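Notes for the structure review
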Amino acid sequence: MATAMASAHLNCAASFPSSNSSRKWSLRQLRNHGSCSVHRNFHSRGSPLIRAMVSDSRIGRQVEVVYDPDERLNKLADEVDENAPLSRLTLFSPCKVNVFLRITGKRADGYHDLASLFHVISLGDIIKFSLSPSKTKDRLSTNVSGVPLGDMNLIIKALNLYRKKTGSDQFFWIHLDKKVPSGAGLGGGSSNAATALWAANQFNGGLATEKELQEWSSEIGSDIPFFFSHGAAYCTGRGEVVQDIPPPIPLDLPMVLIKPPQACSTAEVYKRLRLDQTSKVDPIALLDKLSSSGISQDVCINDLEPPAFEVLPSLKKLKQRVMAAGRGQYDAVFMSGSGSTIVGIGYPDPPQFVYDDDEYHDVFLSEANFMTRESNQCIPEELSSFNKLIKLQ
């Protein structure tokens, strides 16, 4: 008798849909959360069709009946696969830019209050999760050096947090395909943590609401709650107070990201921040102007630029050169977060000097665009396919 095996693989980060037998399912059908692709792979020995001739007295002639055992087996495998527990999950973990970033005061707990427009962009990492047979430890691997793989990594912190909050006993094998540079002011690590929380919740059948995940995430990082937003949010407090807003910027507006190999220490940037020298512009006024008039240089204020430029003087030079060389191609040029990424909005290509000058031979370059997502959904990678890393020749 022919046999068939089915394997359930929930994949929210597949590239452009392929022409295989994959089918699109609503994640609600599987876990009541989100919208992703479920790939079903069947391996069976081919069975010949069974054909029989049957006499039909009603019409006075013989009729050929064809029975396909494989079709029946595939239907049975479908039923088994639908009820099979989730075992693997691949997710796109996008980063963000701060379109504007105002620092409005210092708190008694030592943190600073901020007011910022955070927006998800199409540059991101790919994270693969698999259930581990271990009941004591997660195992993390990555494609780049220098990334901590133990309890200091925000992915591991997020999984530990989820188990603490829910009582889950599941542990994971995780592979991080890192594309977002570290020390860039793009929130790559925070996004990874949010993605890990979302993944753990899918493996556990949705024990927590997305709102609970968002609230819990602030315990391990100020920027993490933002990544449970719809993609555009006005963030206050330490960054953990997240107000979803309609995207104030066209999603197809291109941008280029330019990051030198040197990183800015967030702690050192804040240490050099002088509140009496920050902008006095009302952040709500910035948001209103952005919504009514679009993005412009005078809206893209970042109060962390002056201290970051003290920490890394070459970063100030880079921003100035991009603004001068752009000759109006960019609607705005600004630093994201605490650095060290310089963002040019409105044009996808970097200035020519970045290619020509040996000083910038090792910079990270990527074009990107703004993105959003629906509640309880991951962002499928086909929407991130606008993302393109620009290779220096």
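Per an unreviewed UniProt entry, the chain goes by the name 4-(cytidine 5'-diphospho)-2-C-methyl-D-erythritol kinase and belongs to Punica granatum. The record held by UniProt for the chain lists under Pathway (unreviewed entry) the comment "Isoprenoid biosynthesis; isopentenyl diphosphate biosynthesis via DXP pathway; isopentenyl diphosphate from 1-deoxy-D-xylulose 5-phosphate: step 3/6." Quoted verbatim from the Subcellular location (unreviewed entry) heading of the UniProt record, the comment on the chain is "Plastid, Chloroplast".

Moving on: the packing of aromatic side chains. If you walk through the whole model with that rule in mind, you get 6 aromatic pairs. Between F226 and F227, the ring centres sit 5.0 Å apart and the planes meet at 65°, which makes this aromatic pair edge-to-face. Looking at F227, the relative accessible area reads 11%, which means it is buried. Residues Y330 and Y347 carry aromatic rings whose centres are separated by 6.1 Å and whose planes lie at 70° to one another, so their mutual orientation is edge-to-face.

Now for helix α3 (residues 154–166). For α3, with 13 residues, the first-to-last C-alpha span of 18 Å sits near the 18 Å given by 1.5 Å per residue. Those residues of α3 that sit buried are I155, I156, A158, L159, L161, Y162 and R163. Check the buried side of α3 and you find it contacts β7 (112–131), β8 (139–142), β9 (172–177), α4 (188–203) and α5 (210–217). Two or three places before I155, at the opening of α3, N153 has a side-chain oxygen 2.8 Å from that residue's backbone nitrogen. One or two residues past the end of α3 sits G167, with phi positive at roughly 80°.

Across the two faces of strand β13 (residues 332–335) the burial is the same, with A332 and F334 and V333 and M335 all buried. Adjacent in sequence and paired antiparallel, β13 and strand β14 (residues 342–345) are bridged by 6 residues, among which G337 carries a positive phi angle near 60°.

By the burial criterion, the buried members of helix α7 (residues 283–293) are P283, L286, L287 and L290. Taken end-on, α7 shows its buried residues confined to a sector of 100°, consistent with a single buried face. Of the exposed residues in α7, those oriented more than 90 degrees away from the buried face are S292 and S293. Of the residues that open α7, the one with a side-chain oxygen 3.0 Å from the backbone nitrogen of I284 is D282.

As for its position among the elements, S190 is in helix α4. Here S190 falls in the buried class, since its relative accessible area comes to 12%. Once residues lying within four places of it in the same chain are set aside, the contact partners of S190 are L154, D223, I224 and F227.

The next point concerns the nonpolar core. Counting 63 residues, the largest nonpolar core has F129, I155, I174, F226, I258, L315 and L318 as the members making the most contacts within it. Of the residues forming this core, the biggest block, 8 residues, is contributed by α4. Dropping the residues within four chain positions of it, I155 is found in contact with I127, L140, I174, L176, N192 and A196.

Further remarks concern the packing of α4 against α5. With their axes 10 Å apart at the nearest point, α4 and α5 run at an angle of 140° to one another. Put simply, α4 runs oblique to α5. Considering only the axes of α4 and α5, their crossing is right-handed. For the pair α4 and α5, contact is made by L197, W198 and N201 and by E210, L213 and S217, respectively. For the contact of α4 with α5, the per-class residue count stands at 3 nonpolar, 2 polar and 1 charged.

This part is about the packing of α3 against α4. One can describe the packing of α3 onto α4 by two numbers: an axis separation of 8 Å at closest approach and a directional angle of 35°. As α3 runs across α4, the sense of the crossing is right-handed. Packed against α3, whose contacting residues are L154, I155, A158, L159, L161 and Y162, the element α4 presents G189, S190, N192, A193, A196, L197, A200 and N201 at the interface. Split by residue class, the contact of α3 with α4 holds 10 nonpolar, 4 polar and no charged.

The rules we used
- Residues numbered from 1 in each chain as written.
- Predicted model: local features only at pLDDT ≥ 70, side-chain atom pairs only at ≥ 80, totals over all residues.
- Heavy atoms only, no water.
- UniProt positions renumbered as here; feature names shortened; annotations may be inferred.
- Phe/Tyr/Trp six-rings, centres within 6.5 Å; stacked < 30°, edge-to-face > 60°.
- Buried < 20%, exposed > 50% of the residue type's maximum accessible area, 1.4 Å probe, protein only.
- Helix = DSSP H or I, 4+ residues; strand = E, 2+ residues; numbered from the N terminus.
- Expected span 1.5 Å × (residues − 1).
- Contact = heavy atoms within 4.5 Å.
- Polar contact = N/O pair within 3.5 Å; in protein donor to acceptor, adjacent residues only side chain to side chain.
- Pairing = 2+ DSSP bridges.
- Arc of directions from axis to C-beta.
- Core = buried A, V, L, I, M, F, W, Y, C linked by side-chain atoms within 4.5 Å.
- Axes fitted to C-alpha atoms, helices over the stretch in contact; angles between N-to-C directions.
- Parallel < 35°, antiparallel > 145°, perpendicular 65-115°, else oblique.
- Left-handed = near helix turned anticlockwise from the far one by under 90°.
- Nonpolar A, V, L, I, M, F, W, Y, C, P; charged D, E, K, R; others polar.

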